[in-house]
Amino acid sequence: MLRRTTNIAVRASKAINTRAIVKSTSNVARLQFSRGVGQFQFAKAPANLTNEPVKDFSHKDQKDWDLLRASITKFTDNGPLNVPLVINGKKIYRDSTLPQVNPAKHGQNLANVSQASEQDILAAIQAAKDAKQKWANTPWTDRAAIFLKAADLISTKYRSDMLAATMLGQGKNVFQAEIDCVAELIDFFKFNVKYAEEMYKVQPLESSPGVWNRAEYRPLEGFVYAVTPFNFTAIAGNLVGAPALMGNTVVWKPSATAALSNYLLLTILEEAGLPAGVINFIPGEPNQVTDLVLNDSEFSALHFTGSTQVFKSLYGKINNNIAADKYRDFPRVVGETGGKNFHLIHPSASLDHAVLSSLRGGYEYQGQKCSALSRLYVPESLWPEFQEKLVSSMKNITIANCTDPESLNSFMGPVIHEQSFEKLAGAIEQAKSDPELTIVAGGAYDKSNGFFVQPTLIQTTNPNHEFLKREFFGPIVTTYVYPDNEFESIIDSINNITQYGLTGSIFATDRDAIRSAEEKLRYAAGNFYINDKCTGAVVGQQWFGGARASGTNDKAGSGSILTRFVSVRSVKENFYELTDFKYPSNYKGN
């Protein structure tokens, strides 16, 4: 637990210890020998599982603001917290630690995060294996209840703590944190229960006379490796929660810049009843953790969100191990990676709406969403007014430390760390000297106190410029102004210029233009929006994921993602007994 008593994990630790004693004496025999009960259940999930309401945090919501301020103070006023490893339910503190700083105030150390040694990583793998049989045989209703309980804890008891940890550690403003670590996270936990119920109900349509056919949705035989990103606490929760709900055990490597909120999430799951060993939390050196995990013969699945290059590297290692006959199974590989997301503005578009949608899409959360707008195509006839309105609105964007009492209402915060800052600063400097690029707005950056990059709009005269291909993952949007009569050809350019295929939008009132873009850009975006920004997918409403170099498109927020973490067994039970080995065709007529 967090060593400084903040009430975040103390109750969770006590609850888990008590629960472990009770279950070890009264339930272990039932769970040990109830093979398959978790996969044959058809209990109905609660009927009221709907999207979590998002709090506005308007000037009228003073109670919500007061609770948030108190939680921020809890995390900041008494020095850094100590974040342990969690292996088989035990909290392990190591002398080797890595600081997690506030990216808006990098002199402020929020947490000292224990780093896993080789022995720790191997112990986490073994813990996941040891917990597997009991967890896989735990009734589905019990597994589901844990995640539903965790969702309610996040909605109520720990709401402001989750907000504060995500805002401080990951540089979000309150609204961006609210839609992430509260609303979306809750939605993942609740909707996954609903989706699992629907999956379990899907059974063979026919059974011949004297036969009963049924399907068992078995967890994968080994363990799952979850590699989670910094930018969404909710994604981290889904990457570990989806496989665990289906009866799998997980080795979890969190992002170094999201360890605080991720650890808080784990303590909430423990308080909700998550047994020891089901999810093992091992912050550490990424290559060391990954190599040890991927070299284990019982590795069964990778659940990943991060950069395309890292995903390709992990994919390659897994393929090499398959070729070397290292694994018992063919591991499932599920990944969501980068994007070079677009807005295509048609001459018939509603101008003001397209402008404001582009501002939000490109600069909310400092452009650090996987789905963030990065390339913008505007027709010549609209560009003068479009540019004027967009630049004017950009001047009103407030950029600050969103956890400072005087800046809680800010629209933008910092980028996540110095490495990101330097990459973005380098891109801006390149734009200043490139004759095909013009900085239309922004272009300033400063890391003296925090890693701040001004929202930047760059115009290119080259429709094939590398700035329309490279992912920056920050508040830089590159625009190309196209001749109105080249709308169809610019669609082809959007489709072919980049390796990614995550999100994109068309803004138009002309239905022919909308139809053309929707058809021709079928594979350019796994999430395609019509007259809406390319960010903001909601669980259960817009299933999220892209193909090409953007990932495996298994659609987080839908039921299809859960199919990746089960291995279906068909069971046929026969009630008739044979009286002869011959078939009718084996007999000759008289």
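Quick caveat, the model's predicted, so the values are computed rather than measured.

### Structural notes on the overall build of the protein chain
Consideration 1: Helix and strand counts for the protein chain come out as 17 helices and 23 strands.
Consideration 2: With respect to the principal axes defined by its C-alpha atoms, the protein chain has extents near 90 × 75 × 50 Å.
Consideration 3: By sequence separation, contacts in the protein chain at least 24 residues apart represent 78% of the contacts at least 6 residues apart.
Consideration 4: Counting every atom, the protein chain has about 24,300 Å² of accessible surface; 51% of that belongs to carbon and sulfur.
Consideration 5: In the protein chain, which carries 60 positive and 59 negative side-chain charges, the distance between the mean positions of the two groups comes to 7 Å.

### Overview of the packing of helix α5 (residues 140-155) against helix α9 (residues 259-271)
Consideration 1: Where α5 contacts α9, the two axes come as close as 8 Å, and the packing angle between them is 125 degrees. With respect to each other, α5 and α9 are oriented oblique. Crossing angle aside, the handedness with which α5 passes α9 is right-handed. Contact with α5, carried on its side by I146, F147, A150, L153 and I154, involves L265, I268, L269 and E271 of α9 and no other residues of that element.
Consideration 2: Looking at the contact of α5 with α9, its residues break down into eight nonpolar, no polar and one charged.

### Description of empty space enclosed by the protein
The rolling of a water-molecule-sized probe over the atoms marks out the regions of remaining empty space.
Consideration 1: Scanning all chains against the criterion turns up two cavities of 30 Å³ or more.
Consideration 2: Estimates place the volume of the largest cavity at around 90 Å³.
Consideration 3: If you go around the largest cavity, you meet 14 residues; those closest to its centre are G339, G367, A372, S374 and F473.
Consideration 4: For the lining of the largest cavity, the residue count by class is six nonpolar, five polar and three charged.
Consideration 5: Looking at the second largest cavity, its volume works out to about 40 Å³.
Consideration 6: Along the wall of the second largest cavity there are 10 residues; nearest its centre are G89, E270, L274, P275 and A276.
Consideration 7: Its residues assigned to classes, the lining of the second largest cavity comprises seven nonpolar, two polar and one charged.

### Some words on the sheet that holds strand β13 (residues 373-379)
Strands pair in a sheet through their backbones, by hydrogen bonds, and they do so in one of two ways: parallel or antiparallel.
Consideration 1: Here seven strands make up an open sheet; going across it, the order is β14-β17-β18-β13-β12-β20-β21 and the pairing mixed. In the strand order of this sheet, the two ends are held by β14 (437-441) and β21 (527-530), each with one partner. Taken over all neighbouring pairs, the strand axes of this sheet differ in orientation by 20 degrees on average, direction set aside.
Consideration 2: Relative to strand β20 (residues 503-507), strand β12 (residues 341-345) is paired through four bridges, and the arrangement is parallel. For H343, the partnering residue across the bridge sits in β20 and is S505.

### Structural notes on the pairing of strand β7 (residues 223-227)
Consideration 1: Counting buried residues in β7 gives five out of five residues, a clear majority hidden from the surface.
Consideration 2: Here β7 shows no split at all, with F223, Y225 and V227 on one side and V224 and A226 on the other all buried.
Consideration 3: With four bridges joining them, β7 and strand β8 (residues 250-253) adopt parallel strand pairing. What sits directly across from V227, in β8, is K253.

### Some points on the sheet that holds strand β1 (residues 81-83)
Consideration 1: With mixed pairing, the three strands of this open sheet are ordered in space as β1-β5-β4. Lying at the two open borders of the sheet, with one neighbouring strand each, are β1 and β4 (97-102). This sheet shows a mean twist of 40 degrees between the axes of neighbouring strands, independent of strand direction.
Consideration 2: For β4 and strand β5 (residues 105-114), the ladder comprises six bridges, and the chain directions are antiparallel. In the strand pairing of β5, T97 is matched with S114.

### Quick notes on the packing of helix α3 (residues 62-76) against helix α6 (residues 159-170)
Consideration 1: Running from N to C, α3 and α6 point in directions that differ by 60 degrees, and their axes come no closer than 8 Å. Comparing their axes, α6 and α3 come out oblique. Two packed elements cross with a definite hand, and for α3 against α6 that hand is right-handed. Together, L67, L68, S71, I72, K74, F75 and T76 of α3 and S160, D161, L163, A164, A165, M167 and L168 of α6 make up the contact between the two elements.

### A look at the confidence of the model for the protein chain
Consideration 1: Averaged over the protein chain, the pLDDT score is 93; the fraction of residues at 70 or greater is 93%.
Consideration 2: Low pLDDT, under 50, characterises residues 1-35; the predicted model gives this stretch 64 contacts beyond four residues in sequence or across chains.

### Some remarks on the pattern of salt bridges
Pairs can form between side chains of opposite charge once their charged atoms are near each other.
Consideration 1: Inspection of the entire model under this criterion finds 33 salt bridges.
Consideration 2: Between R569 and E216 there is a salt bridge, with the nearest N and O atoms lying 2.8 Å from each other. One end of the pair, R569, is in strand β23 (residues 566-574); the other, E216, is in strand β6 (residues 211-219), with 353 residues separating them in the sequence.
Consideration 3: With a shortest N-O distance of 3.2 Å, K389 and D352 are connected by a salt bridge. Of the two residues, K389 sits in helix α13 (residues 383-394) while D352 sits in helix α12 (residues 351-363), which places them 37 residues apart along the sequence.
Consideration 4: The exposure class of D352 is partly exposed, given its relative accessible area of 44%.

### Quick notes on the environment of K312
Consideration 1: Tracing the chain through its elements places K312 in helix α11 (residues 308-323).
Consideration 2: Each C-alpha atom of the pair K312 and G551 lies 9.6 Å from the other, and the pair is 239 residues apart in sequence.

### Regarding unusual backbone geometry
Leaving glycine out, the prevailing phi sign among residues is negative, and the prevailing peptide bond configuration is trans.
Consideration 1: In the Ramachandran plot, N553 falls in the positive-phi region, its phi being about 55 degrees despite a non-glycine side chain.
Consideration 2: Considering the arrangement of structural elements, one finds N553 in the loop between β22 (547-548) and α17 (560-563).
Consideration 3: For K555, which is not glycine, the phi torsion reads 65 degrees and is therefore positive.
Consideration 4: Looking at the element boundaries, K555 is found in the loop between β22 and α17.
Consideration 5: The exposure class of K555 is buried, given its relative accessible area of 14%.

How each quantity is defined
Residues numbered from 1 in each chain as written. Predicted model: local features only at pLDDT ≥ 70, side-chain atom pairs only at ≥ 80, totals over all residues. Heavy atoms only, no water. Helix = DSSP H or I, 4+ residues; strand = E, 2+ residues; numbered from the N terminus. Contact = heavy atoms within 4.5 Å. Areas by Shrake-Rupley, 256 points an atom, 1.4 Å probe, with all protein chains shown as cover. Lys, Arg positive; Asp, Glu negative; His and termini not counted. Charge placed at Lys NZ, Arg CZ, Asp CG, Glu CD. Axes fitted to C-alpha atoms, helices over the stretch in contact; angles between N-to-C directions. Parallel < 35°, antiparallel > 145°, perpendicular 65-115°, else oblique. Left-handed = near helix turned anticlockwise from the far one by under 90°. Nonpolar A, V, L, I, M, F, W, Y, C, P; charged D, E, K, R; others polar. 1 Å grid on protein atoms, 1.4 Å probe; cavity = no way out; pocket = protein on both sides within 12 Å on 5 of 7 lines; lining within 4 Å. Points joined across faces, edges and corners; volume = space filled by probe spheres on them. Pairing = 2+ DSSP bridges. Buried < 20%, exposed > 50% of the residue type's maximum accessible area, 1.4 Å probe, protein only. pLDDT = per-residue confidence, 0-100. Salt bridge = Lys/Arg side-chain N within 4 Å of Asp/Glu carboxyl O.

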